[in-house]
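What follows is each chain in one-letter form.
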Amino acid sequence: MNEKIESLKGKLIVSCQALPHEPLHSAFIMGRMALAAKEGGAYGIRANTKEDIAEIQTQVDLPVIGIVKRDYEDSKVYITPTMKEINELMEVKPEIIALDATGDLRPGGRTLDEFYREIRKSYPGQLMADCSTVEEALHADQLGFDFIGTTLVGYTDQSRNLKIESNDFEIIRRIVATVKHRVIAEGNINTPEKAKRVIELGAFSVVVGSIITRPQLITKSFA
């Protein structure tokens, strides 16, 4: 594992994303957001689209977890759902590529197992599994994902009633205790105390997003 990825151990990764309908949607703005995150102490960035990643790479020399969010009519999977998105990310070479690793079928009715095998034919780099349940995390670990993420806990039909922080982060504790690959805690970790706790519980690193980089949501919580 390269030194940039190793530098993430025990550290904060900030998710710098703004979708087309959001006020900060702009590769330029996401680049400056990443720079602000670095100045604040972030050791890594999670970013969406090759355009945003390319701009971020001009502003900071931090490891990037790259994704492409794209909707397809025949699937609920939207985080790096097909080889089209994988190929786009390979153009900008993020240190880690993350993708939906839930039990939901990908576009065209493909399973995660099929998609993983196809990716590995052309991409030997680091892969992160965005999971929503303990069972999905265990399956991704068995497939060989380099990082297991809790990104989608509470966001899928199968995890609708789950909350990442329930019972002192029981989901994360169970995953950490069972998988052999590194765990990245992510998803509704919206206070410094929660971020500190998941590292204490054995997460390799922690991703924090909206509470840092989506001012419209931060403003809403105050208003």
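Residues numbered from 1 in each chain as written. Predicted model: local features only at pLDDT ≥ 70, side-chain atom pairs only at ≥ 80, totals over all residues. Heavy atoms only, no water.

Colleague: Even after reading the chapter, I still don't get the overall build of the protein chain, so can you show me in this structure?
Modeller: A count of helices and strands for the protein chain gives 10 helices and 8 strands. For 223 residues, the compact-globule formula gives about 17 Å, and the C-alpha radius of gyration of the protein chain, at 16 Å, lands near that figure. Along the longest, intermediate and shortest principal axes, the C-alpha atoms of the protein chain span 40 × 40 × 35 Å. In the protein chain, which comprises 223 residues, the proportion classed as buried is 50%. In the protein chain, 59% of the contacts between residues at least 6 apart in sequence involve partners at least 24 apart. In the protein chain, 28 side chains carry a positive charge and 32 a negative one; their mean positions are 2 Å apart. (Helix = DSSP H or I, 4+ residues; strand = E, 2+ residues; numbered from the N terminus. Rg over C-alpha atoms; globule rule 2.2 N^0.38 Å. Buried < 20%, exposed > 50% of the residue type's maximum accessible area, 1.4 Å probe, protein only. Contact = heavy atoms within 4.5 Å. Lys, Arg positive; Asp, Glu negative; His and termini not counted. Charge placed at Lys NZ, Arg CZ, Asp CG, Glu CD.)

Colleague: What is the right way to look at the pairing of strand β2 (residues 44-48) in this model?
Modeller: Residues in a regular strand project their side chains so that they alternate between the two faces of the sheet. In terms of residue burial, β2 counts as a mostly covered element, since 5 of its 5 residues are buried. Side chains of β2 alternate between two faces, with Gly44, Arg46 and Asn48 and Ile45 and Ala47 buried alike. Following the backbone out of strand β1 (residues 12-16), through helix α2 (residues 27-40) and into the adjacent parallel β2, one traces a crossover that is right-handed. Sheet topology note: the β2/strand β3 (residues 64-67) ladder contains 4 bridges and is parallel. Its bridge partner being in β3, isoleucine 45 is matched across the sheet by valine 64. (Right-handed = clockwise from strand over helix to strand, strands pointing away. Pairing = 2+ DSSP bridges.)

Colleague: Mind showing me how you'd approach the nonpolar core here?
Modeller: One recurring pattern in soluble globular proteins is that nonpolar side chains are buried together. In this structure, Ile45, Phe145 and Ile148 are the most contacted members of the largest nonpolar core, which totals 52 residues. Those residues in contact with phenylalanine 145 that sit more than four places away from it in its chain are Leu99, Ala101, Leu112, Tyr116, Leu127, Met128, Ala129, Ala140 and His181. Within the second largest apolar cluster, 14 residues are counted, among which are Leu8, Ile65, Ala98 and Val207. (Core = buried A, V, L, I, M, F, W, Y, C linked by side-chain atoms within 4.5 Å.)

Colleague: Quick question: what am I supposed to make of the packing of aromatic side chains here?
Modeller: Tallying each qualifying case throughout the model produces 2 aromatic pairs. Taken together, a centroid distance of 4.9 Å and an interplanar angle of 45° make the contact between tyrosine 116 and phenylalanine 145 tilted. Of the two residues, tyrosine 116 is situated in helix α5 (residues 112-122) and phenylalanine 145 in the loop between α6 (134-143) and β6 (147-149); the sequence distance between them amounts to 29 residues. Overall, the relative accessible area of 9% leaves tyrosine 116 in the buried class. Seen in terms of ring centroids, phenylalanine 147 and phenylalanine 204 are 5.7 Å apart; in terms of plane orientation they differ by 40°. Their pairing is tilted. (Phe/Tyr/Trp six-rings, centres within 6.5 Å; stacked < 30°, edge-to-face > 60°.)

Colleague: Mind showing me how you'd approach the side chain of serine 132 here?
Modeller: Positionally, serine 132 belongs in the loop between β5 (126-130) and α6. For serine 132, a relative accessible area of 0% translates into the label buried. Within the local environment of serine 132, its side chain forms a polar contact with the side chain of glutamate 136, the two groups lying 2.6 Å apart. In this structure the side chain of serine 132 is engaged in a polar contact, spanning 2.8 Å, whose partner is the side chain of threonine 156. Those residues in contact with serine 132, other than ones at most four positions away along the chain, are Thr102, Leu152, Val153, Thr156, Gln158, Ser159 and Leu162. (Polar contact = N/O pair within 3.5 Å; in protein donor to acceptor, adjacent residues only side chain to side chain.)

Read these as spatial facts, not as claims about activity.
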